[in-house]
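Structural features, examined
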Amino acid sequence: MAKSARITAESVLASGRFDLTRTDIEVVEDDGVTRKLSHEVYRHGKAAAVLLYDPQRSVVTLVKQFRAGAYLSDGALATIEVCAGMLDGDTAEVCAVREALEETGIKIAEPRRVFDAYMSPGGMTEKIACFVAAYGEADRAGDGGGVDEDEDIEVIEVPFAKALAMIGTGEIADAKTIALLYYAKSMDII
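Rules used in this analysis
Residues numbered from 1 in each chain as written. Predicted model: local features only at pLDDT ≥ 70, side-chain atom pairs only at ≥ 80, totals over all residues. Heavy atoms only, no water. Pairing = 2+ DSSP bridges. Helix = DSSP H or I, 4+ residues; strand = E, 2+ residues; numbered from the N terminus. Axes fitted to C-alpha atoms, helices over the stretch in contact; angles between N-to-C directions. Patch = residues over 30% accessible without salt bridge, like charges linked within 9 Å, V, L, I, M, F, W, Y side chains within 5 Å. Areas by Shrake-Rupley, 256 points an atom, 1.4 Å probe, with all protein chains shown as cover. Salt bridge = Lys/Arg side-chain N within 4 Å of Asp/Glu carboxyl O. 1 Å grid on protein atoms, 1.4 Å probe; cavity = no way out; pocket = protein on both sides within 12 Å on 5 of 7 lines; lining within 4 Å. Points joined across faces, edges and corners; volume = space filled by probe spheres on them. Nonpolar A, V, L, I, M, F, W, Y, C, P; charged D, E, K, R; others polar. Buried < 20%, exposed > 50% of the residue type's maximum accessible area, 1.4 Å probe, protein only. Polar contact = N/O pair within 3.5 Å; in protein donor to acceptor, adjacent residues only side chain to side chain. Contact = heavy atoms within 4.5 Å. Core = buried A, V, L, I, M, F, W, Y, C linked by side-chain atoms within 4.5 Å.

**Side note on the sheet that holds strand E1 (residues 2–15)**
- A sheet is described by the order of its strands in space; here 3 strands give the open sequence E1-E2-E3, paired in antiparallel fashion. With partners counted over all chains shown, the strands left at the sheet margins are E1 and strand E3 (34–43), one partner each. In this sheet, neighbouring strand axes are inclined to one another by 20° on average, regardless of whether the strands run parallel or antiparallel.
- Bridge analysis of E1 against strand E2 (residues 19–29) gives 11 bridges, and the strand direction is antiparallel. In the sheet register, Arg6 faces E2, and the bridge partner there is Glu26.

In structure tokens, the structure reads:
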């Protein structure tokens with residue numbers, strides 16, 4: 001296991017919404033062996049995601065949208081996910097509340113943070129703060145659908161049991177969504 005690590009060199013390979021870097025890291029292992037790594041790393045920012053659930057009706061509200069990465073991986077034209085977004089300088093809690101309203105039209109007051117997770121630590125810096133939040137019919141404040149130019153979001157309400165089954169069929173293949181659904185199941189919150 002690594003005892004210490006330090007960046008020895010780094011160069012930006014591409015710059016856009018996020019940077020792609022070639023990063024050289026020197027890692028010193030517990031046994032004293034030094035390894036030198038050189039990896040491309042996508043410098044994605046921090047994000048928040050929230051599983052919205054209605055405990056009275058045993059349903060979850062999810063979003064369906066086109067994702068370039070999923071399309072490039074296997075031709076998927078849409079993914080089904082919990083709502084999520086970049087922190088944009090906000091706290092994770094503020095981001096979860098904002099994204100729930102923007103993407104689903106549901107106004108939540110106090111999301112409960114349940115875990116933080118790296119989505120693909122081998123090549124991305126992204127770490128997502130994951131929340132759950134109960135809602136009821138009175139919490140619908142709009143249609144949702146997103147506010148960014150590149151968003152075309154369909155809001156879907158799914159019975160909780162069906163959402164869990166959709167993992168097995170591959171209809172839900174997004175890691176944060178799978179983790180939050182299994183968390184909800186393990187904690188018996190729905």
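Next, the rest of the story.
**Things to note about a nonpolar patch on the surface**
- A grouping of Phe66, Tyr71, Leu72 and Leu77 is seen on the molecular surface, where their side chains present a nonpolar patch of about 490 Å² in accessible area.
- One can find Leu77 in the loop between helix H1 (68–74) and strand E6 (79–81).

**Re the layout of surface pockets**
- The volume enclosed by the largest pocket comes to roughly 1,300 Å³.
- Lining the largest pocket are 42 residues, and of these His44, Arg67, Glu81, Glu126 and Lys176 lie nearest its centre.
- Of all elements in the fold, only H1, E6, strand E7 (83–86), helix H2 (92–104) and helix H4 (175–187) reach the threshold of two or more residues within the lining of the largest pocket.
- Per element, the largest residue contribution to the lining of the largest pocket is 5 residues, and it comes from H1.
- Partitioned by chemical class, the residues of the lining of the largest pocket number 17 nonpolar, 8 polar and 17 charged.
- When its volume is computed, the second largest pocket comes out at roughly 270 Å³.
- Taken together, 14 residues line the second largest pocket, and the ones lying closest to its centre are Ile25, Val41, Pro121, Met124 and Thr125.
- Of all the secondary-structure elements, those providing two or more residues to the lining of the second largest pocket are E2 and E3.
- With 5 residues, E3 is the largest single contributor of residues to the lining of the second largest pocket.
- Here the residues of the lining of the second largest pocket sort into 7 nonpolar, 6 polar and 1 charged.

**Here's the deal with the side chain of Lys176**
- With respect to the helices, strands and loops of the structure, Lys176 is situated in helix H4.
- Overall, the relative accessible area of 6% leaves Lys176 in the buried class.
- Separated by 2.8 Å, the side chains of Lys176 and Glu81 make a polar contact.
- Of note is the side chain of Lys176, whose polar atom sits 3.0 Å from the side chain of Asp174.
- Once residues lying within four places of it in the same chain are set aside, the contact partners of Lys176 are Ala49, Glu81, Val82, Ala84, Met119 and Ile128.

**With respect to the nonpolar core**
- Counting residues in hydrophobic clusters, the biggest one holds 29 residues, and the most contacted among them are Leu51, Val60, Leu62, Val132, Ile172, Leu180 and Leu181.
- If you list the elements that add at least two residues to this core, you get strand E4 (47–54), strand E5 (59–65), E7, strand E9 (127–134), strand E10 (154–159), helix H3 (160–169) and H4.
- Sort the elements by how many residues they give to this core and H3 lands first, with 5 residues.
- Filtering out sequence-adjacent residues up to four positions away, Leu62 remains in contact with Leu51, Ile80, Glu81, Val82, Glu154, Val155, Ile156, Val158, Ile172 and Thr177.
- With 18 residues, the next largest nonpolar core counts Ala48, Leu87, Ala92 and Ala129 among its residues.

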